[in-house]
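Here is what each chain is made of, one letter per residue.
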Amino acid sequence: MDIKYNKQKRELRDDPVMDFLFDAKDYLHKNQKKLLNLLVIVIVGFIAFIGINFYNKNNNIKIQNAFGTAMIEYETNQLVKAAENLKIIADKHPGSPQGMQSAFLLAGLYLDSAKYDDAEKYYKISSKEKEFIGAQSYEGLGACYEAKGDVTAAIASYNKALANPNAAYRHGAIRWKIALLQKDSDKNMVIELCKKIMADTNAIEHHQKAENLLAVIEIGG
C-alpha cells in the first residue's frame, strides 16, 4: 500500500503541471506580504486612474462651455466681455485646443487695440498650435514686432509663418510684408519675393503691387 502511494506521489511530482502548482503555492506562501502590497498598489493606481479621467472629463466640459460662451460674445461683437473670458481660458488652460484658440483671438483684439506687448504674449501661446492657428500666430507676431519697430524680429516671425504650409493662402500677403520691409536693404531678396507673389494663384490681390515694385527696382538698378 505504501509502495503504491509513494509511486503515485512520485508520478505527481514528475508531472510538469503539478510541479508548477506546487512551486506556485510555495511562492505565494513565501511572498504573501509582497503580493498583498502589490495588489494594494494596483488597486490604488486603478482608483487614481479613474479619478484623473473623471476630473479631466469634467474639466474639458468646463473649458468647452467657457469657450462657447466667449465665442458667442466674440461673434456678437461683445468684445470687452469676450476678451475677459478668452483671457481666463488662455491663462488657465494654455495647452488645450480651446486655450490656444482663445489666445489667438485675444491676441488679435490686443493687436487691433495697439496693445502690442499683450498681443505678443498671447500670440506666443497660440503659436504652439501645430496647424492653421499656429501659422497665423507667427504672422501676428510679425505684425507686433513690425509695429514696435523691430524689423529683424518681424521678418523672422514672418518667415516662420511662411515655413508652415497650413496657411498657404496667406503666403502671398506675408511675402508682400517682407518685401516692403526689405525693399531698401535687400533688393535681390525683394525681387525673388515679388516673383513668387506673382506666381502665387492665391495672391492675386498682390500681383499688381508686386509687379509695380519689381518694375521700380529694375528701373532703379
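One structure accompanies this document, and this report is about it. Note that this is a predicted model, so its numbers are computed, not measured. In this numbering scheme, every chain counts its residues from 1 along its sequence in written order. Selection of residues for local features in this predicted model requires a pLDDT of at least 70, selection of side-chain atom pairs for listing and counting requires 80 or more, and totals for whole chains, interfaces and linings are taken over all residues. The side-chain quantities take in all heavy atoms of the structure and omit both hydrogens and water.

Here the focus is the overall build of the protein chain. Across its full length, the protein chain holds eleven helices and zero strands. Here a strand is any run of E in DSSP of at least two residues, a helix any run of H or I of at least four, and the numbering for each starts at the N terminus. N-terminal to C-terminal, the α/β element order of the protein chain is α-α-α-α-α-α-α-α-α-α-α. Each residue's exposure class comes from its accessible area (1.4 Å probe, protein chains only) as a fraction of the maximum for that residue type: buried when under 20%, exposed when over 50%, partly exposed otherwise. When the 221 residues of the protein chain are sorted by exposure, 33% land in the buried category. Of the contacts made within the protein chain by residues no fewer than 6 positions apart, 40% connect residues no fewer than 24 positions apart. Every residue pair with non-hydrogen atoms within 4.5 Å of one another is taken to be in contact.

The definition of a nonpolar core used throughout is a set of buried Ala, Val, Leu, Ile, Met, Phe, Trp, Tyr and Cys residues joined through side-chain atoms within 4.5 Å. The biggest cluster of nonpolar side chains holds 42 residues, and the ones touching the most others in it are Tyr-122, Tyr-123, Ile-178 and Leu-213. Ranked by residues supplied to this core, first place goes to helix α5 (residues 97-112) with seven residues. Sequence-distant contacts of Tyr-123, that is, excluding residues within four places in its chain, are made with Phe-104, Ala-107, Gly-108, Leu-111, Ser-137, Gly-140, Leu-141 and Cys-144.

What follows is about the side chain of Glu-129. Summarising the element assignment, Glu-129 is placed in the loop between α6 (116-126) and α7 (132-147). In this count, Lys and Arg are taken as positive residues and Asp and Glu as negative ones, while His and the chain termini are left out. By salt bridge we mean one thing: a side-chain nitrogen of Lys or Arg within 4 Å of a carboxyl oxygen of Asp or Glu. Nearest to the buried, unbridged Glu-129 among oppositely charged side chains is Lys-130, at 9.0 Å. What qualifies as a polar contact is a pair of N or O atoms within 3.5 Å, subject to a donor-acceptor requirement within protein and to the restriction that residues adjacent in sequence count only when both atoms come from side chains. A distance of 2.8 Å separates a polar atom in the side chain of Glu-129 from the backbone nitrogen of Glu-131. Polar contacts involving the side chain of Glu-129 include one to the main-chain amide nitrogen of Ile-133, which spans 3.1 Å. Other than its neighbours up to four places away in sequence, Glu-129 contacts Met-100 and Gly-134.

The phi torsion at Asn-77 lies on the positive side, around 65°, for a residue other than glycine. Here Asn-77 falls in the exposed class, since its relative accessible area comes to 59%. The backbone of Ala-114 sits at a positive phi, close to 65°, despite the residue not being glycine. For Ala-114, the position within the fold is in the loop between α5 and α6. For Ala-114, a relative accessible area of 44% puts it in the partly exposed group.

Summarising the element assignment, Gly-99 is placed in helix α5. Judged by its relative accessible area of 0%, Gly-99 is buried. Measuring from C-alpha to C-alpha, the distance between Gly-99 and Leu-86 comes to 8.0 Å, with 13 residues separating the pair along the chain. Aside from chain neighbours lying at most four places away, what touches Gly-99 is Ile-89, Ala-90, His-93 and Pro-94.

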